[in-house]
Amino acid sequence: MQKAKHNALYITFDYIAAAATWGLFYCYRKIDIEPLRLGYDIPLELDWKFYVSLVAIPLFWLLLHLMSGYYRTPFRKSRVTELGTTIAVTMLGVVVLFFVFVLDDWVGNYVQYYKMFGMLLFMQFTFTYIPRVVITTITNNRVHNRQLKFNTLMVGSNDKAVELYKELDAQTISSGLNFVGFVYVDKQDSYQMEKLVPNLGSVDNIREVVDKNKIEEIVIAIESNEHNKITHIINKLYGLHVSVKVIPDMYDMLIGKVRISSIIGMPLIEINQNIMPVWQLFAKRFFDIVLSILAMILLSPLYLVLAIAVKISSRGPVIYSHERIGRFHKPFKIYKFRSMYIDSEQNGPALSSKDDPRITKIGKIMRKTRMDEIPQFYNVLRGDMSLVGPRPEREYYIQQIVQKAPHYLHLLSVRPGITSWGQVKYGYAENVDQMVERLKYDILYIENRSLLMDLKILIYTVKIVLLGKGL
């Protein structure tokens, strides 16, 4: 709630800045530019196009700011970073608006184009940046003076946690962390942190603690003998919309893992779950929709042929659907061309193998070329899936995988995909052990995902389809 209210403040002033800029720029063109071309003054008339632009142009700017990631972290912004982001986005937006709306203006000479471009750039940057830097400065001062705090949970209970707490508490310039309590990793008779903040229980119950205490930030400060539990801790935090920071050791500093955005406060490693920039996330979803629509149109004859082939090959429905687990553990119905005989799982869920007798003749061809998956373009349009992402699994198998590889839960932080790096590199899994083996590729994808990586995976998938190497 606190984050949403603060973002609303930035959004409001960004909208006002964009509307004021475009309104004044419109008047500037009518009063200063057009008379130079016509040779006489013309009356300033604000028609319906002017009022529509006062709504549409600011929305365009808000979209650009959203895609730049500016609203992702409303608190404790770096003013240097804010300046750079504002300059870059303003330059991009002004170039777009200039070429779309201004370049076809009739002018007396080309110098007037430069004047209009400079005026639009100057006003847009000035009107946007001044309110931003004022809001950011006031907010940062409130944080540093302990007037604005963020509910924080300490993961750790002994020497390192106590040392970190005391150091943060003694800071002249506050980091804004308000420790409401701690959770322990290993159960003991007593904990040093109990003298400083309340004991909120075990790390195993951290999700309930976060919800109950409205935690916004988590700091992990565990002992050296507890480092083997770090993976367990991170797995427990998956899907929580909180900022997570870890105390770095000297090894982390030497290999360059420690990145700080402020010279104030303790150097902490922030565990960033948002690898892809915001603009790439928007672009990924845009391409998902566009390419899925194109695929469904271009492949419509193939849909018809496969539907007839499936219907002739064996009795039963053409399309097979069943429940899979998607992003944030949300179940959804996935659609495929049926490649097995009906009642193939009457004895319970079972993974397919290379020579699985349950697979029909046409099913073997479809699975080899991955054509049984093409109805999932519909899932992509619905938002259940993406073109590229970890393959979705059934809850039955997820429970078994998590017992052997708890970090599987990280895959549920992104939309599942029609194709994945694990699918490309490993292929279909015939048992849970192979699922765990394939998992490493999907984890690497999540930690390195980008539009370029998605493109590479799509290219390899097309290659597999053309060469018929699906199994």
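Calculation notes
Residues numbered from 1 in each chain as written. Predicted model: local features only at pLDDT ≥ 70, side-chain atom pairs only at ≥ 80, totals over all residues. Heavy atoms only, no water. Helix = DSSP H or I, 4+ residues; strand = E, 2+ residues; numbered from the N terminus. Buried < 20%, exposed > 50% of the residue type's maximum accessible area, 1.4 Å probe, protein only. Contact = heavy atoms within 4.5 Å. Axes fitted to C-alpha atoms, helices over the stretch in contact; angles between N-to-C directions. Parallel < 35°, antiparallel > 145°, perpendicular 65-115°, else oblique. Nonpolar A, V, L, I, M, F, W, Y, C, P; charged D, E, K, R; others polar. pLDDT = per-residue confidence, 0-100. 1 Å grid on protein atoms, 1.4 Å probe; cavity = no way out; pocket = protein on both sides within 12 Å on 5 of 7 lines; lining within 4 Å. Points joined across faces, edges and corners; volume = space filled by probe spheres on them. Salt bridge = Lys/Arg side-chain N within 4 Å of Asp/Glu carboxyl O. Patch = residues over 30% accessible without salt bridge, like charges linked within 9 Å, V, L, I, M, F, W, Y side chains within 5 Å. Areas by Shrake-Rupley, 256 points an atom, 1.4 Å probe, with all protein chains shown as cover. Pairing = 2+ DSSP bridges. Core = buried A, V, L, I, M, F, W, Y, C linked by side-chain atoms within 4.5 Å. Polar contact = N/O pair within 3.5 Å; in protein donor to acceptor, adjacent residues only side chain to side chain. Phe/Tyr/Trp six-rings, centres within 6.5 Å; stacked < 30°, edge-to-face > 60°. Lys NZ or Arg CZ within 6 Å of the ring centre and 35° of its normal. Right-handed = clockwise from strand over helix to strand, strands pointing away.

(A) Up close: the overall build of the protein chain. In terms of helices and strands, the protein chain carries 16 helices and ten strands. For the protein chain, the proportion of its 471 residues judged to be buried stands at 45%. Sequence-distant contacts, at least 24 apart, represent 74% of the contacts inside the protein chain between residues at least 6 apart.

(B) The arrangement of the packing of helix 9 (residues 278-298) against helix 10 (residues 300-313) in detail. At a closest axis distance of 4 Å, the pairing of helix 9 and helix 10 adopts a crossing angle of 60°. By the criterion of interaxial angle, the relationship of helix 9 to helix 10 is oblique. Along its contact with helix 9, which presents M296, I297 and L298, the element helix 10 presents S300, P301 and Y303. When its residues are assigned to classes, the contact of helix 9 with helix 10 shows five nonpolar, one polar and no charged.

(C) The confidence of the model for the protein chain, seen in detail. Mean pLDDT over the protein chain stands at 85; residues scoring 70 or higher make up 89%. For the protein chain, helix 8 (residues 250-254) is the element with the lowest average pLDDT, namely 42, and helix 12 (residues 377-382) is the one with the highest, namely 96. Low pLDDT, under 50, characterises residues 250-256; the stretch is placed with six contacts to residues that sit more than four places away or in other chains.

(D) Broad picture of empty space enclosed by the protein. Inspection of every chain in the model, using the stated rule, returns two cavities of 30 Å³ or more. Lining of the largest cavity is provided by R391, E393, I401, Y408, L411, M435, R438, L439 and D442. If one sorts the elements of the lining of the largest cavity by residue count, helix 15 (residues 432-448) sits on top with four residues. Taken as a whole, the second largest cavity spans an internal volume of roughly 50 Å³. Along its surface, the second largest cavity is lined by I325, P390, R391, P392, Y408, L411, L412, V414, R415 and P416. For the lining of the second largest cavity, the per-class residue count stands at eight nonpolar, no polar and two charged.

(E) Just the pattern of salt bridges, in detail. In total, this model carries eleven salt bridges according to the counting rule given. With its nearest N and O atoms 2.8 Å apart, the salt bridge here joins R382 to D384. Residue R382 is classed as partly exposed on the basis of its relative accessible area, which comes to 47%. One salt bridge connects K440 with E437, and the closest N-O pair in it is separated by 2.9 Å. Placement of the pair is K440 and E437 together in helix 15, with a separation of three residues, close to one helical turn. E437 sits in the partly exposed class, given a relative accessible area of 36%. Through salt bridges that share partners, R76, E217 and K245 make up one connected network.

(F) Quick look at unusual backbone geometry. In this model, K214 sits at a positive phi of 50°, which is unusual for a non-glycine residue. Assignment of secondary structure puts K214 in the loop between helix 6 (206-213) and strand 4 (217-220). Unusually for a residue other than glycine, H329 sits at a positive phi of about 65°. As for its placement among the helices and strands, H329 is situated in the loop between strand 7 (319-325) and strand 8 (331-337). Exposure remark for H329: the relative accessible area of 30% places this residue in the partly exposed category.

(G) Examining a nonpolar patch on the surface more closely. Together, F286, F287, I289, V290, L291, I293, L294, I297, L298 and L381 make up an exposed nonpolar region whose accessible area comes to about 870 Å². Tallying contributions element by element places helix 9 first for the nonpolar patch, with nine residues. If you trace the backbone, L381 turns up in helix 12.

(H) Focus on the pairing of strand 7. Two strands pair when backbone bridges link them, and strand 7 and strand 8 are joined in this way by seven bridges, in the antiparallel orientation. In the sheet register, I325 faces strand 8, and the bridge partner there is P331. Taken together, strand 7 and the strand that follows it, strand 8, pair antiparallel across an intervening segment of five residues, in which F328 is found at a positive phi of about 60°.

(I) Representation of the nonpolar core. Within the largest apolar cluster, 39 residues are counted, with the highest numbers of intra-cluster contacts made by F337, M366, F377 and Y408. Elements that contribute at least two residues to this core include exactly helix 10, strand 8, helix 11 (361-369), helix 12, strand 9 (386-388), helix 13 (395-404), helix 15 and helix 16 (451-467). Here this core gets six residues from one element, more than from any other, and that element is helix 15. Setting aside anything within four residues of it in sequence, one finds F377 in contact with S292, A295, M296, L299, Y303, L387 and I418.

(J) Fine view of the environment of N151. By the element assignment, N151 lies in strand 1 (residues 150-155). When the C-alpha positions of N151 and I215 are compared, they lie 5.0 Å apart, and in sequence the two are 64 residues distant. Look past the residues within four positions of N151 in its chain and what remains in contact with it is N178, V180, N213, K214, I215, E216 and E217. Side-chain polar atoms of N151 contact the backbone oxygen of N213, separated by 3.3 Å.

(K) Up close: the packing of aromatic side chains. Counted according to the given criterion, the structure contains 20 aromatic pairs. Here the guanidinium or amino end of K77 rests over the ring plane of Y10, the centre of that ring lying 5.4 Å away. Between the NZ or CZ atom of R132 and the centre of the ring of Y70, over which it lies, the distance is 3.6 Å.

(L) Examining the pairing of strand 1 more closely. Across the six residues that make up strand 1, a large majority, five, are buried. Summarising the sheet, strand 1 and strand 2 (residues 177-184) pair through six bridges and their orientation is parallel. The residue of strand 2 that forms the bridge with F150 is L177. The handedness of the strand 1 to strand 2 crossover, carried by helix 5 (residues 159-169), is right-handed. Where strand 1 lies against strand 4, four bridges are found, and the strand directions are parallel.

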